[in-house]
Structures are given as C-alpha cells and as structure tokens.
Amino acid sequence: MKPVASIRVAIVEDHPVVRRGLRALLSGQPDMTVVGEAASAADAVALLGRERADVVVLDLRLPDASGTDGIATILAARPGSRILVLSSYGRTGDVRSALDAGAAGYVVKDAADEEVVGAIRRVAAGGSFVSQAAARALAGEGPLEHLTAREQRILELMADGHANESIARELDLTIGTVKNYIHVILLKLHVKDRTAAVAVATRDGRLKPR
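Definitions and cut-offs
Residues numbered from 1 in each chain as written. Predicted model: local features only at pLDDT ≥ 70, side-chain atom pairs only at ≥ 80, totals over all residues. Heavy atoms only, no water. Axes fitted to C-alpha atoms, helices over the stretch in contact; angles between N-to-C directions. Helix = DSSP H or I, 4+ residues; strand = E, 2+ residues; numbered from the N terminus. Parallel < 35°, antiparallel > 145°, perpendicular 65-115°, else oblique. Contact = heavy atoms within 4.5 Å. Nonpolar A, V, L, I, M, F, W, Y, C, P; charged D, E, K, R; others polar. Salt bridge = Lys/Arg side-chain N within 4 Å of Asp/Glu carboxyl O. Buried < 20%, exposed > 50% of the residue type's maximum accessible area, 1.4 Å probe, protein only. Pairing = 2+ DSSP bridges. Arc of directions from axis to C-beta. Right-handed = clockwise from strand over helix to strand, strands pointing away.

Undergrad: It is not clear to me how the packing of helix α8 (residues 164-171) against helix α9 (residues 175-189) should be interpreted in this structure. Could you clarify?
TA: Contact geometry of α8 with α9 gives a least axis separation of 9 Å together with a crossing angle of 105 degrees. One way to sum up the angle between α8 and α9 is to call them roughly perpendicular. Of α9, the residues touching α8 (which contributes Asn-164, Glu-165, Ile-167 and Ala-168) are Ile-175, Val-178, Lys-179 and Ile-182. Its residues placed into classes, the contact of α8 with α9 shows five nonpolar, one polar and two charged.

As structure tokens, this is what we get:
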C-alpha cells in the first residue's frame, strides 16, 4: 500500500446528524479533508463528478439505493472509486454482499472513532478493511471448511503463485474485488498473510502440497 498525504473524503449518508458527526470527526484529522456530502446515490454521483475523492464513506441504506445498489451506482459512474461502507448492520450477508460488490471496506456505525479514521486511511492507501464487529460476522461463517467456492478457488490460485492481477484476469474480477476476497480469506483462516493462508490450507488437507 502506498501512503496518501492528504485524504479527500466524500460522505454519502442520508441522516444529517450522522453526516455532521462524520464531518466533525474527519475535519479534526490533520491528513483528511471532507470534499462534500450527499444524501442519496444520485447526489453522490453528482458530487463525485465535481470533486475528486480518495475515499467515499457510504451508508448501505439510502433513499434511492438499498444494499449494494449504491455501491454499484457509484462504481458505474466513477469506476475505481474507493468505497468504505459505514452501516448500522454488521450481519454476515450485508458484509459479504458489500465486499463482493466492490467496496474496499466495511465499518459498523458503533465502531470507535479511531477505527473509522483508521479504516479510511487504510482504504485510501489501497488496502482493505473490515471492522472488528463485521470481521466477527464473517469469521462466524466458519473456518476453512466454510470457505465459499470462489474463496477456495482464489486460495488455490494463491497457492500456485498467482499475483492479484493474475487472479483478477483468471476469474474476470477487478483487482479491488480480489483484494477483498483475500482479506476475508485471511480473516476466516485467522492468519496475517497469503503465505500463512496457503500453509494452513495445505496442512489441513484442503490444498495439495506445492
């Protein structure tokens, strides 16, 4: 990940109180600037047409876009946008669908201020982030035996030495989506890096020794 000197943040949230709270929090950070606010997906697209944003902090429940619709709308209009979902819901299905749709991170609204700020910094630098509450939901899907078919295939490609770009080409995914999948795989296997993930899977008999 490469560091971002000044992080430009767009806030997409339909509740004024939450928007004001986020603006106050982020405006107090020396390395962040709030470039604008939007209360709907349509307003977000218009905002991003006027202002460059390094990170879009997005609520999953908007008046004109529910669930992953807001993510899809923004990515269709502004491909490559780095989206950090900030949601009241930390359910496994919500987290999973948001990451699959192309979000770079997921934070639950009751997260500590430090976690929200840290998530924005990580996403802006090109990484992925799942808050502790959301991570517990994903981990609750189960350990290795409960990897999805897509996660298992990505793990196999990792074991064969494929880089993220190669995995993306092989599975017709964006690099950002591949990074999200790998982040979830590491969470499920309780490991910190790709090498450890392959080692654990090989040890448990789910991958042939390389």
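Undergrad: Please explain the pattern of salt bridges as it appears in this structure.
TA: It is possible for side chains of opposite charge to pair when their charged atoms get near one another. For the structure on display, the rule yields 12 salt bridges. The residue Arg-19 makes a salt bridge to Glu-37 at a minimum N-O spacing of 3.1 Å. Taken together, the positions of Arg-19 in helix α1 (residues 16-27) and Glu-37 in strand β2 (residues 32-38) put the pair 18 residues apart, joining distant regions of the chain. The exposure class assigned to Glu-37 is partly exposed, which follows from its relative accessible area of 31%.

Undergrad: Is there a simple way to think about the sheet that holds strand β1 (residues 7-12) in this case?
TA: Sheet strands pair via backbone hydrogen bonds, and the direction of the pair is either parallel or antiparallel. Strand order in the open sheet formed by six strands is β2-β1-β3-β6-β7-β8, and the pairing between neighbours is parallel. If you trace the sheet from one side to the other, it starts and ends with β2 and β8 (129-130), each paired once. Of the strand pairs in this sheet, strand β3 (residues 55-58) and strand β6 (residues 83-87) are connected by three bridges, and their pairing is parallel. If you follow Val-56 over to β6, its bridge partner there is Ile-83. Across the face of the sheet, helix α4 (residues 92-101) comes into contact with β6, β7 (105-108) and β8 while running at roughly 150 degrees to β7.

Undergrad: For this particular structure, what's the right way to read helix α10 (residues 194-203)?
TA: Side chains three or four residues apart in an α-helix point the same way, a direct result of the helix having 3.6 residues per turn. Of all the positions in α10, only Ala-197, Val-198, Val-200 and Ala-201 are classed as buried. Within α10, the buried residues cover an arc of 165 degrees as seen down the axis, which keeps them to one side. Away from the buried face of α10 by more than 90 degrees, exposed residues Thr-195 and Arg-203 are located. Buried residues belonging to α10 abut α7 (149-159) and α9.

Undergrad: How should the pairing of β1 be read in this particular structure?
TA: By the criterion of burial, β1 is predominantly enclosed, with five of the six residues buried. Bridge analysis of β1 against β2 gives six bridges, and the strand direction is parallel. Looking across to β2, one finds that Ile-11 is bridged to Glu-37. Regarding topology, α1 serves as the crossover connection from β1 to the parallel β2, and that connection is right-handed. As paired strands, β1 and β3 are joined by four bridges and run parallel to one another.

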